[in-house]
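Structural overview for review
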Amino acid sequence: MKKYFFVMLLSIMTTATFAQSEKLIKAMEAKIAILDSNNSVDAWKELANSFERIAEAEKTQWLPYYYASYSNLMLGYASMPQDGSMGDNSSISDPYADKAESLLNKAISLTTANTEIYCIKKMVHSLRMMGNPMSRYMTEGAKATEALAKAKELNASNPRIYILEGQDKFYTPEQFGGSKAEAKILFEKAKGLFDTYKTESTIAPNWGRSQVWYFLSQL
Amino acid sequence: MFRNLKQTKMNWYKKVPLVLLFATSFYWANGQITIKGVIKDNKQKPLSGVSISIKDSYDGATSDSTGSYSFKTTEKGEQLLVISSIGFKSFEQKIKLEGTTIVVDAVLKEEISELTAVVLSAGTFEASDRKRAAVVLDPIDIVTTASANGDITGALKTLPGAQQVGESEGLFVRGGTAAETKTFIDGTLVNNFFFSSVPNIAQFGRFSPFIFKGTVFSTGGYSALYGQALSSALILESIDLPDQSSANLGISVLSGSAGYQHLSKNKKSSFGASYSYTDLGLAFAVIKQKQDYSKAPAYHSGDANFRFKTSATGMLKYYGYFSSNKLGFTTNSIDSLGYLDKFAISNTNIYHNLAWKENLAKRWKINLGVSYTNNKDDISSGMQDNNKNDVVLGNLEFKQFNINTKGNYFNAKAVLEKKLKGLSAVRFGTEYNYSNDKLIYTDYNGQQYPSGLKENIKSIFGEADVYATNDLAIKGGLRFEHSSILDKANIAPRISVAYKLSKGSQASLAYGVFYQNPERRYLPSPNELTFMKATHYIAQYQKVANQQTFRTEIFYKKYDNLVKTGTTGFTDGAINNNGFGDAKGIEFFWRDKKTIKNFDYWISYSYLDTKRDFLNFPFAITPNFAAKHTASLVMKKFITPWKTQFNAAYNYASGRPYYNIQKDGLNYKFSDRGTIPDFNNVSFSINYLPAIGKKDAKSFAVYVLQVSNIFNIKQTFGYSYSYNGLRKEAIVPPSRMFVFIGAFISFGVDRSDEVINNSL
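Cut-offs applied
Residues numbered from 1 in each chain as written. Chains lettered and ligands numbered in written order. Predicted model: local features only at pLDDT ≥ 70, side-chain atom pairs only at ≥ 80, totals over all residues. Helix = DSSP H or I, 4+ residues; strand = E, 2+ residues; numbered from the N terminus. Buried ≥ 20, exposed ≤ 12 C-beta atoms within 10 Å, placed from the backbone. Contact = placed C-beta atoms within 7 Å. Pairing = 2+ DSSP bridges. Axes fitted to C-alpha atoms, helices over the stretch in contact; angles between N-to-C directions. Domains from an automatic or database assignment. Expected span 1.5 Å × (residues − 1). Core = buried A, V, L, I, M, F, W, Y, C linked by C-beta atoms within 7 Å. Parallel < 35°, antiparallel > 145°, perpendicular 65-115°, else oblique. Left-handed = near helix turned anticlockwise from the far one by under 90°. Nonpolar A, V, L, I, M, F, W, Y, C, P; charged D, E, K, R; others polar. pLDDT = per-residue confidence, 0-100.

1. Focus on the overall build of chain A
For chain A, the helix and strand inventory stands at 10 helices and zero strands. Burial status across chain A gives 41% buried among its 219 residues.

Dropping the structure here:
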């Protein structure tokens, strides 16, 4: 009887753990599926909140924090004035950048340094720079470049590196070192990498295909 | 009893399959509960994008544009509902999950943060990259303001409150003299901020604007942390660690400079040094000066610094500066036709500043600073005949003299701060200012008259910032000072209040009492003197919208105990503190970066009505350093395809009064009075930055062309009078127009290392 009980208890426990990670994966997959098709501020808010809820419920998983950080950054980018003004918009950019950075720091504490983390780090600094390009170009711009270099060092075949690099080239005026031709090469490189890209799991970072498609259609 | 326990235990595990059955049944039965509600802010406006979640669960929702949310959960029993949004305080509520629907509405309170909180901005202009409403300038504005000539105070003169005084250096604020403005670097007083005075030629500040990351220019009502300035405090904060190691080189028509900054690999410490040599000889050969220079101004200056992080939050900074300069010139003498007045000065100045800041436990913070200055001036004055031979003329013997001064100054300051809830804080500390001035006056006979003056000013101060909400802030402070030379003490209260009227707009009030010792040249005095006193009343309205700032301020300043001069026995000097005066006015500031793309401009206007009776004034009059109307228009346009920034500035001041005061028996009287013509100045500069945007650029160059008074407008700053008062001569700038051309290149050492390593 006693033995029977322990075997049973063990089996319940394993099912529970298994069910839990399955629950995580299921919840994450549903959100990750819309990452690439999403464009609206409201949807990014929804995603940012959802990933953060999962992250805070799990507490030991870096990926939910990673996605929560990414969603807050995309929310930040989407909230910036789209008139191309070079002035001080730090009151818009900084709260999102700060939030994304604190989530990213939690992700960093739960995993080893990897290329995806540095891509997000790059985006944090880029968002801050966009808050006031004239006065932050030298500081935040340099930090963004540094983070991207580190991402490349850790895994040069991560297509997202080239998307971020391509976006910089795409949006920066030519006088400041931007180049649509170079952007195109970078997006094509990302596209090529995606062709053979394999993720470790269904919830590992895999976003970016629609961005590549969008930018290539603009070039 | 033990038996009983065993029994229950047995019973419990007999029931296990049943428990399991129940548990699984919940999974399948989907006994879901709906949680819904509406989220608003404290102004009853619906909040969208708010996260609503059950703590430690996946279940939750995001509020929509009407602030409503609704979600279903399978969680059961007592749970914690967490409602949060960026910029708001999180709202938590215990809920009991039973039944089918639970309604939880919430009102979120704004988080008190620097970004959203009201700012105590009365009388304060800030140039920094901090995210505060008092910030009206970026640090880069200091160097890109066309009329500033790369000088910090030059840029501040385009803000309301400051006068366009061209014949002498310093900031003349709201009817105050230049001596009523004091400068502080990293908290401690700076004794010789400007190069030593030269008759009728305004001198520059000694320090490069590039060593500061933050500038706070107070035109009144400043904090109890600072004192000994009746009108204004200029508070400068030096830069922290550089972003990378770099070397820089500068070449211009006036000067050559080189410097190096090294950032350690772990990015926790840095050191650097620079040297520059400036010689105006070449420029003066091309641009004719009013003065005939026997020695064109030449300056050697060097500085050195180190900075290191003493902990994650602590930083120790040292800045050391040395300069040595000489100049000598003659001008046609107004006292005796056909003769020349000769003036020469050589100055050496050494300045050290050491500052340490650290966050301590329990939200305590400490700021310590010490500075030491050693300043030496050798001035010689006299007359020459047409062939430039020194002569001494009868009745004008007094024009032949030498003055040798040596000053040693030591300042120390300690401030402890305790952060309270939100942005509220209390601060208190102490300041010590020591000065030892020695002066030797040598008359035409070679007779020497040495004098000396030692002064110790000890102060203690405390202040509290109270942020009741994001919308209301109050700062109250008290400062106590004791001067050893006056053997007197004072207590100065300061208070300011700021209230947020709506998003981006706020109103502020400030009141304060400010004391200052009589200027050193009136000390020691055979007569008993006391502190001079000013009382400030300021009201401000400010509105900051996207890329636009509007500010207006009205003020009233009352002066008491100003120094009066006269004759005691046989010597002229300070006789008492019976002087008085007042200043009132209104000021406007408007900056707009939005209306025209890539075009940035600001306009400032000041109206000033001031009268004072001080020094040898026969009665209260508007002093010669106060113009009724002052205005500036500063424009900046960056043309991206050309990588070039164009800057222009127009400065205007209505005519200031001039007068000549002469002794009539025992009294002083005006022998001549009038108003100088209006002042107009248009300056223009171009900065060309070819490397901008090149990510892998190994060097970053800035080419500068600057022209001041581009339209060659005649400017008159006042009149100087012959000793007998019979002849007068306009005081004009040394040259009408001035042109500056230079190149400044910095090499990012780290960056080029990276490039090399990557290509290997």
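Now, onward.
2. Side note on the overall build of chain B
Counting its regular elements, chain B contains six helices and 41 strands. Projected onto its principal axes, the C-alpha positions of chain B cover 125 × 65 × 55 Å. Residue burial in chain B is summarised as follows: out of 760 residues, 35% are buried. By sequence separation, contacts in chain B at least 24 residues apart represent 61% of the contacts at least 6 residues apart.

3. Quick notes on the sheet that holds strand E3 (residues 60–62) of chain B
In space, the four strands of this open sheet follow the order E3-E2-E5-E6 (chain B), with antiparallel pairing throughout. With one partner strand each, in any of the chains shown, E3 and strand E6 (91–97) of chain B form the two edges of the open sheet. Averaged over all pairs of adjacent strands, the angle between strand axes in this sheet comes to 15°, irrespective of strand direction. Looking at chain direction, strand E2 (residues 51–54) of chain B and E3 of chain B are connected through three bridges and run antiparallel. Paired with Ser-53 of chain B across the two strands is Gly-60 of chain B, which belongs to E3 of chain B. Sheet strands touched by helix H2 (residues 41–58) of chain A: E2 and E3 of chain B. Its angle to E3 of chain B, the strand with the most contacts, is close to 155°.

4. Thoughts on the domain arrangement of chain A
Residue and element names in this part refer to chain A. Domain assignment breaks chain A into domain 1 (32–154) and domain 2 (157–219). Taking only C-alpha atoms, the centre of domain 1 and the centre of domain 2 are 17 Å apart. If you look at the interface, domain 1 gives 13 residues, while domain 2 gives 10 residues.

5. A few points about helix H3 (residues 62–79) of chain A
Owing to its 3.6 residues per turn, the α-helix aligns residues three or four sequence positions apart on the same side. Helix length check: H3 of chain A, at 18 residues, gives a terminal C-alpha distance of 26 Å against a target of 26 Å (1.5 Å per residue), a fit within 8%. Judged by how many residues are buried, H3 of chain A sits mostly within the fold: 15 of 18 residues are covered.

6. Things to note about the environment of Asn-616 of chain B
Residue and element names in this part refer to chain B. With respect to the secondary-structure elements, Asn-616 resides in the loop between strand E32 (599–613) and strand E33 (629–639). Spatially, the C-alpha atom of Asn-616 lies 8.9 Å from that of Gln-662, the residues being 46 residues apart in sequence. In contact with Asn-616, other than residues within four places in its own chain, are Thr-565, Ile-661 and Tyr-668.

7. Quick word on the domain arrangement of chain B
In terms of domain boundaries, chain B breaks down into domain 1 (1–26), domain 2 (31–108) and domain 3 (124–285 + 312–374 + 392–759). Using only C-alpha atoms to locate each centre, domain 1 of chain B and domain 3 of chain B end up separated by 82 Å.

8. With respect to the nonpolar core
Among the nonpolar cores identified, the biggest contains 66 residues, and Leu-156, Leu-171, Phe-172, Phe-184, Tyr-226, Ala-233 and Ile-235 of chain B are the most heavily contacted of them. In this structure, Phe-172 of chain B is in contact with Ala-162, Gln-163, Val-165, Thr-177, Ala-178 and Phe-625 of chain B, ignoring residues within four places of it in sequence.

9. Considering the environment of Gln-164 of chain B
All names here are of chain B. By the element assignment, Gln-164 lies in the loop between helix H4 (152–156) and strand E11 (181–185). As for Gln-164 and Ala-626, which are separated by 462 residues in sequence, their C-alpha atoms are 8.8 Å apart. Look past the residues within four positions of Gln-164 in its chain and what remains in contact with it is Lys-157, Ala-627, Thr-630, Asn-651, Ala-653 and Phe-679.

10. Let's talk about unusual backbone geometry
Excluding glycine, residues mostly have negative phi values, and the peptide bonds linking residues are mostly trans. Residue and element names in this part refer to chain B. Between Leu-523 and Pro-524 the backbone carries a cis peptide bond, its omega angle lying at -10°. Note on placement: Pro-524 falls in the loop between strand E28 (505–516) and strand E29 (532–545). The residue Lys-267 is not glycine, and still its phi comes out positive at about 60°. By the element assignment, Lys-267 lies in the loop between strand E16 (255–263) and strand E17 (269–279). Despite not being glycine, Asp-487 shows a phi value in the positive range, around 50°. With respect to the helices and strands, Asp-487 occurs in the loop between strand E26 (472–483) and strand E27 (488–502).

11. Quick look at the sheet that holds strand E9 (residues 124–127) of chain B
Residues and elements named next belong to chain B. The six strands lie next to each other as E10-E9-E13-E14-E11-E12, forming an open sheet whose pairing is mixed. What marks the edges here is a single partner per strand, and that holds for strand E10 (135–137) and strand E12 (188–190). With direction set aside, neighbouring strand axes in the sheet form an average angle of 30°. Bridge count for E9 against E10 is two bridges, and the pairing is parallel. By the bridge assignment for E10, Ala-127 is matched with Leu-137.

12. As for the pairing of E9 of chain B
With four bridges connecting them, E9 of chain B and strand E13 (residues 212–218) of chain B associate as antiparallel partners. Across the sheet, Ala-127 of chain B pairs through a bridge with Thr-215 of chain B, a residue of E13 of chain B.

13. Some remarks on the packing of H3 of chain A against helix H4 (residues 90–110) of chain A
Residue and element names in this part refer to chain A. Put simply, H3 and H4 touch, their axes get as near as 8 Å, and they point 165° apart. It follows that H3 is roughly antiparallel to H4 by the angle criterion. Our pair here, H3 against H4, has a crossing hand that is left-handed. Between H3 and H4, the residues in contact are Trp-62, Tyr-65, Tyr-66, Ala-68, Ser-69, Asn-72, Leu-73, Leu-75, Gly-76 and Ser-79 and Ile-92, Ser-93, Tyr-96, Ala-97, Lys-99, Ala-100, Leu-103, Leu-104, Lys-106, Ala-107 and Leu-110, respectively. Looking at side-chain class alone, the contact of H3 with H4 contains 14 nonpolar, five polar and two charged residues.

14. Brief notes about the packing of helix H5 (residues 115–131) of chain A against helix H7 (residues 140–154) of chain A
Residue and element names in this part refer to chain A. The geometry of H5 relative to H7 is characterised by a closest axis approach of 8 Å and an angle of 165° between their N-to-C directions. Classified by the angle between their axes, H5 and H7 sit roughly antiparallel to one another. Viewed along their axes, H5 and H7 form a crossing whose handedness is left-handed. Two secondary-structure elements touch here, H5 through Thr-115, Tyr-118, Cys-119, Lys-121, Lys-122, His-125, Ser-126, Arg-128 and Met-129 and H7 through Glu-140, Gly-141, Lys-143, Ala-144, Ala-147, Leu-148, Lys-150, Ala-151 and Leu-154.

15. Some points on helix H8 (residues 159–171) of chain A
All names here are of chain A. Its 13 residues place the ends of H8 19 Å apart at the C-alpha level, agreeing with the 18 Å of an ideal helix rising 1.5 Å per residue. Burial within H8 is extensive, with 10 of its 13 residues counted as buried. Within H8, the full set of buried residues consists of Pro-159, Arg-160, Ile-161, Tyr-162, Ile-163, Leu-164, Glu-165, Gly-166, Asp-168 and Lys-169.

16. Regarding the confidence of the model for chain A
For chain A, the average pLDDT comes to 85, and 89% of its residues sit at 70 or higher. For residues 12–18 of chain A, every residue scores under 50 in pLDDT, and the model assigns this stretch one contact once sequence neighbours within four places are set aside.

17. Focus: the pairing of strand E5 (residues 77–84) of chain B
For a regular strand, the rule is simple: side chains alternate between the two faces of the sheet. Residue and element names in this part refer to chain B. Taken together, the four bridges between E2 and E5 define a ladder with antiparallel strand orientation. Bridged to Ile-54 within E5 is Leu-81. Inspection of the sheet shows E5 paired to E6 by seven bridges, in the antiparallel sense. Residue pairing across strands places Glu-78 opposite Lys-96, the latter belonging to E6.

18. A word on the confidence of the model for chain B
Residues and elements named next belong to chain B. On average, residues of chain B score 88 in pLDDT, and 92% of them reach the 70 mark or higher. Residue range residues 1–29 is modelled with pLDDT below 50. Its contacts to residues more than four positions away, or to other chains, number five contacts. Low pLDDT, under 50, characterises residues 750–760; the predicted model gives this stretch nine contacts beyond four residues in sequence or across chains. Interface scoring of the predicted complex returns ipTM 0.84; its pTM is 0.82.

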